[in-house]
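So the chains spell out like this:
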Amino acid sequence: LRAALREGSARCRQRDFAAAAAKFSTALELCSKGFATEDPLKSSPDDLSRLASWIESKLVICYLKLGQPDLALHHSHRSIIENPSHFCNHLRQAACFRCLHRYSEAARSAMVAQCLYVLAEGAGLETSDLLQLYWQAMTQEALSGEISFSVLYTPFEKEDKADKIKEANKTFAERHPEYVQHIFTDPHGIHLLPEKAESHPGQQYLLTLGFRNKEIGKTLEKFVTQKLPIFPGQKITFSPSMEEEAETFWQSTGKRIMAAVAFIGSTKIKDERGPCAGAIEQFHHASLLSQLHRGEEQAQVMTQVMAELATVPYLQRVSQEEDKLLQSLMADAMDILAGRTGERVWTKIHKV
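Residues numbered from 1 in each chain as written. Predicted model: local features only at pLDDT ≥ 70, side-chain atom pairs only at ≥ 80, totals over all residues. Heavy atoms only, no water.

Draft legend 1. Here's a closer look at the overall build of the protein chain. In terms of helices and strands, the protein chain carries 14 helices and 3 strands. For the protein chain, whose C-alpha radius of gyration is 21 Å, the value lies close to the compact-globule estimate of 20 Å for 352 residues. If you line up the protein chain on its principal axes, its C-alpha atoms span 65 × 55 × 40 Å. Here the protein chain, with 352 residues, has 48% of them falling under the buried criterion. Considering only intrachain contacts with a sequence separation of at least 6, the fraction spanning at least 24 residues in the protein chain is 69%. A total accessible area of about 17800 Å² is found for the protein chain, and carbon and sulfur atoms account for 52% of it. Side-chain charges in the protein chain split into 41 positive and 44 negative, and the spacing between the mean points of these groups amounts to 2 Å. (Helix = DSSP H or I, 4+ residues; strand = E, 2+ residues; numbered from the N terminus. Rg over C-alpha atoms; globule rule 2.2 N^0.38 Å. Buried < 20%, exposed > 50% of the residue type's maximum accessible area, 1.4 Å probe, protein only. Contact = heavy atoms within 4.5 Å. Areas by Shrake-Rupley, 256 points an atom, 1.4 Å probe, with all protein chains shown as cover. Lys, Arg positive; Asp, Glu negative; His and termini not counted. Charge placed at Lys NZ, Arg CZ, Asp CG, Glu CD.)

Draft legend 2. Here's a closer look at the domain arrangement of the protein chain. Along its sequence, the protein chain is organised into domain 1 (1-84) and domain 2 (92-145). Using only C-alpha atoms to locate each centre, domain 1 and domain 2 end up separated by 23 Å. Taken residue by residue, the interface counts 12 residues in domain 1 and 9 residues in domain 2. In this assembly, domain 1 packs against domain 2 so that about 810 Å² is buried in total across both faces, 78% of it on carbon and sulfur atoms. Of all residues in domain 1, Leu 64, Pro 69 and Leu 73 give up the largest surface area on contact with domain 2, accounting jointly for 46% of the area buried on that side. Our enumeration of links across domain 1 and domain 2 arrives at 0 salt bridges. When contributions to the side of domain 1 that touches domain 2 are tallied by element, the ones reaching two or more residues are α3 (45-65) and α4 (69-82). For the side of domain 1 that touches domain 2, the element with the most residues is α4, which contributes 7 residues. Residue composition of the side of domain 1 that touches domain 2, grouped by class: 8 nonpolar, 3 polar and 1 charged. (Domains from an automatic or database assignment. Buried area = accessible area lost by both parts, 1.4 Å probe. Salt bridge = Lys/Arg side-chain N within 4 Å of Asp/Glu carboxyl O. Nonpolar A, V, L, I, M, F, W, Y, C, P; charged D, E, K, R; others polar.)

Draft legend 3. Looking closely at the nonpolar core. Core analysis: the biggest nonpolar cluster contains 62 residues, and Phe 24, Leu 209 and Leu 220 have the highest contact counts within it. It is helix α6 (residues 103-120) that contributes the most residues to this core, 10 residues altogether. Each of domain 1 (1-84) and domain 2 (92-145) gives at least three residues to this core. Beyond its immediate stretch of four places on either side in the chain, Leu 220 contacts Phe 184, Phe 211, Ile 257, Ala 260, Val 261 and Ile 264. Membership of the second largest hydrophobic core comes to 20 residues, among which are Ala 279, Ile 280, Leu 326 and Trp 346. (Core = buried A, V, L, I, M, F, W, Y, C linked by side-chain atoms within 4.5 Å.)

Take a look at the structure:
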């Protein structure tokens, strides 16, 4: 194992990334077979996870350099699952999303990286500012390429939320008359913007979205405002009965809705619906991909869900009941990835 790691690092320095990836893949395999420790009784699981995460992070770099961002993204999710508290793992994930032109998700990863950096390091203001700039650039990139909806952020202190939401909706209609087919303000969660802390210390915002297409807007609002995210408009939640129907639904509606969901998540650390709400949205996404027989995409989404769930406890307080749900959903995601079927927490949520 040591030899494989040394050789992989040397190949990286020589910029022979294909050979380096092969060596790091060998190291990862040896790690999974128990060769990461001479005495299993004297090693902590955390040490093994950190080593596995480090190897995964090296594979992320290799595959990005080789121009294979899809593979790099897969390893970035796995590096987070093994070590969710390290901000660099989330920053690498942002780089992968960026290369795939998935800018909203890149913005979220950069936001999480910045939050974890401040919590862990605190002192390096210059690094924190650079992370904020990256987050800001990704958010702007996501908006610049978006034609189906527009957004408005309204500063929010401790006012009456219902009144502030009405005011925000009215202001949006005045400023963006071409996006008024459906307007709503996210009621679940306060949004943060990547602005320098000294100019806006702890400033919170409400996010208002307006749509050109009324049906897309209404469907999205139901999906992101219900306590338990349920994709509406289908006989079976997010799973049309016919494969052809499912494909039509995905192309006309599903894709746009998931793009808007990703954008909403790019400025929201905490969700008032519960810490697992974002993951449940992605479970619905994976269910539709399964219906369409897109196994590889489904596996990618489920690995992303596991990374998201692993990170949750580092971003917000989780109650005992929420932690139980979080652990169950993590186990469900692993079952789905392994191709196991059966009655699970997610299956029950899906039925409801």
